[in-house]
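Residues per chain are reported as follows:
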Amino acid sequence: MANITLVDDDENIVASVSLALESHGHKVTAYHDGATGLEALEATPPDLAILDVKMPRMDGMEVLRRLRQHSAIPVIMLTSKDEEIDEILGFNLGADDYIHKPFSQRLLIERVKALLRRTGADGGEPEPSGDTSAKAIKRGKLSMDPARHESTWDGRPVKLTVTEFLLLQALAQRPGFVKSRDNLMDAAYDDQVYVDDRTIDSHVKRMRKKFRMVDPEFDAIETLYGVGYRYRES
């Protein structure tokens, strides 16, 4: 169903995860260190990547950081660390999901399935977040094409991750209306995935940074402290 790249130095996890994903029809290519995995991800981008945080030669965070400089492919991070700061750092760098070791294969399969469904990489159309989500959006300088997962600002492309695109789409569909963080979670994540408020804040912060690289005066995403966010159409 999808091409998945798995990068993890634990041979047992590679074997078990590969078997589980392949049993659901996915093609899995595995690498055992970060540097080799990054080379493969850049040379042949998959539909989805699964990265372990702690790896030799280059850790998963550095792989993600370098990957996000030019790629928006969906990424799930795996970690054996039970420290909240690592999860926040991963989302700040552009991860789409996070799974703590040890984990059940069923949990991983459901997370993969949910992320692929959001992108349409499962063979279907990208999962809608509302009745109008399949329609192209034009808000001032912003243009979004959900069918192609493309966004531009004043005619210049802005490469967003799956999660960032869905968050912006939810905001831009109704400019001027406030979206709480819970509203945005519902728009960007599957029902089986829970993230806290800081995760949404991290995605919004990263999204703003991308638009400001195109237009330093970008201020279309407004924060209402203690309430949420809204899109302000100029």
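It should be emphasised that the depicted structure is a prediction, and the values quoted were computed from it without experimental measurement.

Enquirer: Explain the pattern of salt bridges to me, please; I cannot follow it from the model alone.
Expert: Under the criterion given, the structure shown has 16 salt bridges. Its salt-bridge partner being Glu62, residue Arg66 comes within 2.7 Å of it at the nearest N-O pair. With Arg66 and Glu62 both in helix H3 (residues 60–67) and four residues apart, the pair spans about one turn of that helix. For Asp219, the salt bridge identified is with Arg232, shortest N-O distance 3.3 Å. Remark: Arg232 occurs in the segment after strand E11 (228–231) and Asp219 occurs in the loop between helix H8 (197–214) and strand E10 (221–224); sequence separation between them is 13 residues.

Enquirer: Where do I start with the sheet that holds strand E1 (residues 3–7) in this structure?
Expert: Within a beta sheet, neighbouring strands are joined by backbone hydrogen bonds and run either parallel or antiparallel to one another. Strands sit in the order E2-E1-E3-E4-E5 across an open sheet of five strands; the sheet is parallel. Two strands in the sheet have a free side with no partner beyond their single neighbour: strand E2 (27–31) and strand E5 (97–100). Across the sheet, the mean angle separating the axes of adjacent strands is 20 degrees when strand polarity is ignored. In the sheet, E1 pairs with strand E3 (residues 48–52) via four bridges, with the strands oriented parallel. Note that in E3 the partner of Thr5 across the bridge is Ala49.

Enquirer: Would you explain the sheet that holds strand E9 (residues 156–157) in this entry?
Expert: The strand order across the open sheet formed by four strands is E6-E7-E8-E9, and the pairing between neighbours is antiparallel. The outermost strands of the open sheet, each flanked by one partner alone, are strand E6 (137–139) and E9. The sheet contact formed by strand E7 (residues 142–145) and strand E8 (residues 150–153) spans four bridges and is antiparallel. By the bridge assignment, Asp145 is partnered in E8 with Glu150. Where helix H6 (residues 162–172) meets the sheet, it contacts E6, E7 and E8, and its direction lies at approximately 120 degrees from that of E7.

Enquirer: I keep staring at the packing of helix H1 (residues 11–22) against helix H5 (residues 105–119) and nothing clicks. Help me out?
Expert: Think of two packed helices as two axes; the pair is described by the angle between the axes and how far apart they sit. In contact at an axis separation of 10 Å, H1 and H5 are set at 55 degrees when each is read in the N-to-C sense. For the element pair H1 / H5, the angle class is oblique. For the pair H1 and H5, the sense of crossing is right-handed. Where H1 approaches H5, its residues Ser16, Val17, Ala20 and Leu21 are matched on the opposing element by Gln105, Leu108, Ile109 and Val112. For the contact of H1 with H5, a count of residues per class yields six nonpolar, two polar and no charged.

Enquirer: I keep staring at the nonpolar core and nothing clicks. Help me out?
Expert: In globular proteins that are soluble, nonpolar side chains generally tend to be buried together. Of all hydrophobic cores here, the largest spans 49 residues; its most connected members are Leu51, Met77, Trp153, Leu168 and Phe211. For this core, the leading source of residues is H6, giving eight residues. The contact partners of Met77, leaving out residues within four places of it in the chain, are Leu51, Val53, Gly60, Met61, Leu64, Ala95, Asp97, Tyr98 and Ile99.

Enquirer: Even after reading the chapter, I still don't get the packing of aromatic side chains, so can you show me in this structure?
Expert: Two descriptors summarise a pair of aromatic rings, namely the distance from one centre to the other and the angle between the planes of the rings. Within the structure shown, the criterion is met by four aromatic pairs. Measuring from centroid to centroid gives 6.0 Å for Phe91 and Tyr98, while their planes differ by 50 degrees, and the two rings are tilted. In this pair, the class of Phe91 matches that of Tyr98, namely buried. Ring centres of Trp153 and Phe211 lie 5.9 Å apart, and the angle between their planes is 85 degrees; on these two criteria the pair is classed as edge-to-face. With Trp153 in strand E8 and Phe211 in helix H8, this pair connects stretches of sequence that are 58 residues apart. Exposure remark for Trp153: the relative accessible area of 6% places this residue in the buried category. Since its relative accessible area comes to 0%, Phe211 is described here as buried. In textbook terms, an aromatic cluster arises when at least three aromatic residues are bridged by ring pairs, as seen for Trp153, Phe211 and Phe218. Taking NZ or CZ as reference, Arg174 lies 3.9 Å from the ring centre of Phe177, over its face.

How each quantity is defined
- Residues numbered from 1 in each chain as written.
- Predicted model: local features only at pLDDT ≥ 70, side-chain atom pairs only at ≥ 80, totals over all residues.
- Heavy atoms only, no water.
- Salt bridge = Lys/Arg side-chain N within 4 Å of Asp/Glu carboxyl O.
- Helix = DSSP H or I, 4+ residues; strand = E, 2+ residues; numbered from the N terminus.
- Pairing = 2+ DSSP bridges.
- Axes fitted to C-alpha atoms, helices over the stretch in contact; angles between N-to-C directions.
- Contact = heavy atoms within 4.5 Å.
- Parallel < 35°, antiparallel > 145°, perpendicular 65-115°, else oblique.
- Left-handed = near helix turned anticlockwise from the far one by under 90°.
- Nonpolar A, V, L, I, M, F, W, Y, C, P; charged D, E, K, R; others polar.
- Core = buried A, V, L, I, M, F, W, Y, C linked by side-chain atoms within 4.5 Å.
- Buried < 20%, exposed > 50% of the residue type's maximum accessible area, 1.4 Å probe, protein only.
- Phe/Tyr/Trp six-rings, centres within 6.5 Å; stacked < 30°, edge-to-face > 60°.
- Lys NZ or Arg CZ within 6 Å of the ring centre and 35° of its normal.

Honestly, that's just the spatial picture; any functional story needs more than this.
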